[in-house]
Every structure is written in C-alpha cells, then in structure tokens.
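Structural characterization, general
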Amino acid sequence: MKNKILVTGGVGYIGSHTCIELINAGFDIVVYDNLSNSSIEALHRVESIVGQSIEFIEGDILDYSLLDHVFKTYEFFAVIHFAGLKAVGESVAKPLLYYKNNVTGTLNLLEVMQRYSVKNFVFSSSATVYGDPETLPIVETAPRSCTNPYGQSKLTVEYILEDLAQSDPTWNIVSLRYFNPVGAHKSGLIGEDPNDIPNNLMPYISQVAVGKLKQLSIFGNDYDTVDGTGVRDFIHVVDLANGHVAALDYLVNHQAIGFLPINLGTGKGTSVLELVHAFIESTGVDVPYQFVDRRPGDVASCYASAAFAKELLNWSADLNIVDMCRDTWQWQSKNPKGYTSESFS
Ligand code: NAD
Ligand code: WQD
C-alpha cells in the first residue's frame, strides 16, 4: 500500500490545508504535531471539511521513542515533514532552539525512518535558502546562502538530505522550496493564525483590515523595483497544498530519485504595494499604511521559476492575487480572533 502518509506539523497553517488535499486525493494520513504553534481546533475543522476523522498523535519530533513507537504501529509509505519553527526574528534571538527543533528534530525523524525502511520524504524547505538571489526568476540550481538561523536550519537540513540520498540510493527525497504562502481554504474555516503580532505581510494586512492592528508599516519604498517596495512570489496555500499531492504522486511512481529540490511558487512577482491595493480592491476594506525604513535582512525581489515543478510534477499554481486576498479576508473576517474566536458563523 502506497497511501499511508505521516504528516508532521499537520495541524499548522500549511499542514492543515495539505491534509485536506491529501485526503481528497485518497491518501490515508496520520498527523503528528506537538501543537507548539497550532491549535487542535484547526484539525477539528479539517475533519469537518473532509467529513471524516483524522488520526492524530500529539508528539514532538524530538521525542525519539514516541516516533519509534509510531513507526512500529503504522506502515508508512512516506513522510511529509512540516514540523518546525519558522519565525526569522525569533531564530536570531534563540538560535539553539531553532537548530535543535529544526535540525535535531529532523535528524531524529530521518533516523527512525531509516530504521523502519521508510525512505520517501517530502521536506518543507523555503525560498529563504536562496538568500539574496543573483538572477530572477530563481531556478533550483541557483546558489544557496542564508543570513539567519532559521534559514540556516533549512539549508542545513537540505545538506543533510543531499548527503543521505548520496549515501543510500534507496532514499527518495523531495525538498519543496516554498515562496510566500498566503490565503486560506475557501470555506473560511481554516487559515493562518499567528500567535503574536504577525511578522509576515499578509496576516499583518488582514489584521489591520479587521481592526486588530492600527496600520501597516511598509518596510522600504526605495528598492529597485516597480514601485520601490519589495517584490515577492505570493502563492495560495491551497495551490501549495496541491504541490505536496503532486510530489507524493511523483514518489509513488518513481524510485531512486535522490535529492530533488523543487520550487513551489507562481513564477510571478508582486510588490508589497500591489498586494495592499489588491487586498483593498478585492475586499472593499481599507488598509491604512505608512512607509518606514527597510527591514534588515530583506531582499528587494524574490520570485520563482515555476518551470521545473511544471515539467516534473505537472503542477502549477491556479489561484491569483485576488483569490489570495479574498480567501485571506474570508478567514480573517469570520475568525477575528483566529481559532480562539467564540464561534464560527
Ligand atoms: P506552522 O507553525 O503553522 O506549522 C508548523 C507545525 O509544526 C505547527 O503545528 C507546530 O505545532 C508543529 N511543530 C513545530 N515544532 C514541532 C516539533 N518539535 N514536533 C512536532 N511538531 C512541531 O508553520 P507553517 O507556516 O505551516 O510552516 C510549515 C513548514 O513550512 C515549516 O517547516 C516552515 O518552516 C516551512 N515554511 C513555511 C513558510 C511560510 O511562510 N509559512 C515558508 C517556507 C517554508
Ligand atoms: C514580504 C514583504 C517585507 C511585513 C518570510 C521568511 C521566509 C519565508 C516566508 C519561511 C517584504 C514586507 C512585511 C510588514 C512589510 N518563511 N513587509 N511590512 O520576508 O519574504 O519571507 O516568510 O520559510 O523565510 O523570511 O515574507 O511576509 O515577512 O515579507 O512591508 O509588516 O513584505 O519587507 O518585502 P518574507 P514577509
């Protein structure tokens, strides 16, 4: 059976959306998450969307013996590994926490997988591994470099995965390099629910729109871009989720692929200002903003070449910026306090 999948971090933002698409595609999933950055309510809502219950194990990827027990219990075909910490600023303040969670945690998981001969692996990597890109759009063979511990932890795991695939050709590893995931499931039942004041642009915009935050600060309007603000490749989280299904389908049908890095982006750059205006126009809600200094560590422009994903996985993004804004707003306006909102209506 090639359909039993372990989803680490499956209660989180990208993981919860991916669970829906995996189940819709006929995969049988077990979710493993320590709920350190997510609410179990997200999984309950996924269950209501797909109309079935989901096996859930509350556990940490740092807990080797629990992972061992899980692999003894289930016969997995593959692991999709979302579990990890992701806040760039926090990683600068707490590098040991980030390396331990993201690198040691992944090593634990890989050791257990090796022990049980489960050698199909989909890793949540990031466009951050490209650092400040020399050429655009970014192709998978572009040089890699990182400037913060979060990015370094992703890059380190990629190096480990390359060495592992090199050492043992029976490993099949896809490293999905996500660009900027935004948006939410069209039901408005699940979405991104940052614990604190958001670091990322889209949740910040939607929290200003809903009145939780006063105004957006746009970090820099003097970049060498279309309007001076930063340019990114925003990708709808449901498209991203479907990219994981495509990667799994590829693993089902191919062997000895080694280490395969694949960009998941739309291939289109959108500026911060363009996104803000698209949000205002598509929702009819105002988002006051001011320009402030550049944020240290930000690059001017970052967008993917989406050609390799299309060629290899026959996957490409369907949803556009308007869809991303509309679906973000649907989630945010129906759940102004995220998963702690009193009731969903
Ligand atoms: P998220 O924080 O919403 O989800 C991560 C999940 O992993 C959470 O449910 C959290 O509780 C869980 N988790 C964290 N540490 C764990 C541990 N030690 N053991 C078990 N569970 C643990 O983040 P997300 O946005 O859904 O991101 C998922 C993955 O994608 C992460 O690895 C992240 O680094 C990567 N990624 C995210 C983005 C982005 O912008 N959201 C971009 C590129 C890559
Ligand atoms: C996008 C643009 C900001 C907030 C980060 C991580 C990256 C990946 C995705 C995990 C930039 C501007 C933002 C705000 C703003 N995550 N901005 N005001 O920095 O491209 O990528 O998330 O792997 O590793 O670094 O995303 O959403 O933070 O910023 O003007 O309040 O929006 O300057 O130009 P980023 P972001």
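Preceding block: the structure.
None of these values were measured; they are calculated from a predicted model.

**Focus on the site of ligand 2**
In the vicinity of ligand 2 there are 18 residues, among which Ser126, Tyr150, Ser217, Arg232 and Asp298 approach most closely. One of the backbone nitrogen or oxygen atoms of Ser217 is found 2.8 Å away from a nitrogen atom of ligand 2. Here ligand 2, which alone exposes 680 Å², has 87% of that area covered by the protein. Of all elements in the fold, only helix H7 (201–209) and strand E8 (216–219) reach the threshold of two or more residues within the shell around ligand 2. Its residues placed into classes, the shell around ligand 2 shows 8 nonpolar, 7 polar and 3 charged.

**As for the side chain of Asp68**
Residue placement: Asp68 occurs in helix H3 (residues 64–73). Excluding its chain neighbours within four sequence positions, the residues that come into contact with Asp68 are Val112, Arg115 and Tyr116.

**Comments concerning the site of ligand 1**
For ligand 1, the set of nearby residues contains 26 residues, the closest of which are Ile14, Asp33, Asn37, Ser38 and Tyr150. The contact in question runs from an oxygen atom of ligand 1 to an N or O atom on the side chain of Lys154, over 2.9 Å. When isolated, ligand 1 has an accessible area of 820 Å², and the protein chains bury 95% of it. Elements with a contribution of two residues or more to the shell around ligand 1: helix H1 (13–24), strand E5 (120–126) and helix H6 (149–167). Ranked by residue count, the leading element in the shell around ligand 1 is E5, at 3 residues.

**Comments concerning the environment of Gly220**
Secondary-structure assignment places Gly220 in the loop between E8 and strand E9 (231–232). For Gly220, a relative accessible area of 1% gives the class buried. Along the primary structure Gly220 and Tyr116 are separated by 104 residues, whereas in three dimensions their C-alpha atoms are 50 Å apart. If near-sequence neighbours (up to four positions away) are discounted, Gly220 is found in contact with Gly228, Thr229, Val292, Asp293 and Arg294.

About the cut-offs
Residues numbered from 1 in each chain as written. Chains lettered and ligands numbered in written order. Predicted model: local features only at pLDDT ≥ 70, side-chain atom pairs only at ≥ 80, totals over all residues. Heavy atoms only, no water. Near = heavy atom within 4 Å. Polar contact = N/O pair within 3.5 Å; in protein donor to acceptor, adjacent residues only side chain to side chain. Areas by Shrake-Rupley, 256 points an atom, 1.4 Å probe, with all protein chains shown as cover. Helix = DSSP H or I, 4+ residues; strand = E, 2+ residues; numbered from the N terminus. Nonpolar A, V, L, I, M, F, W, Y, C, P; charged D, E, K, R; others polar. Contact = heavy atoms within 4.5 Å. Buried < 20%, exposed > 50% of the residue type's maximum accessible area, 1.4 Å probe, protein only.

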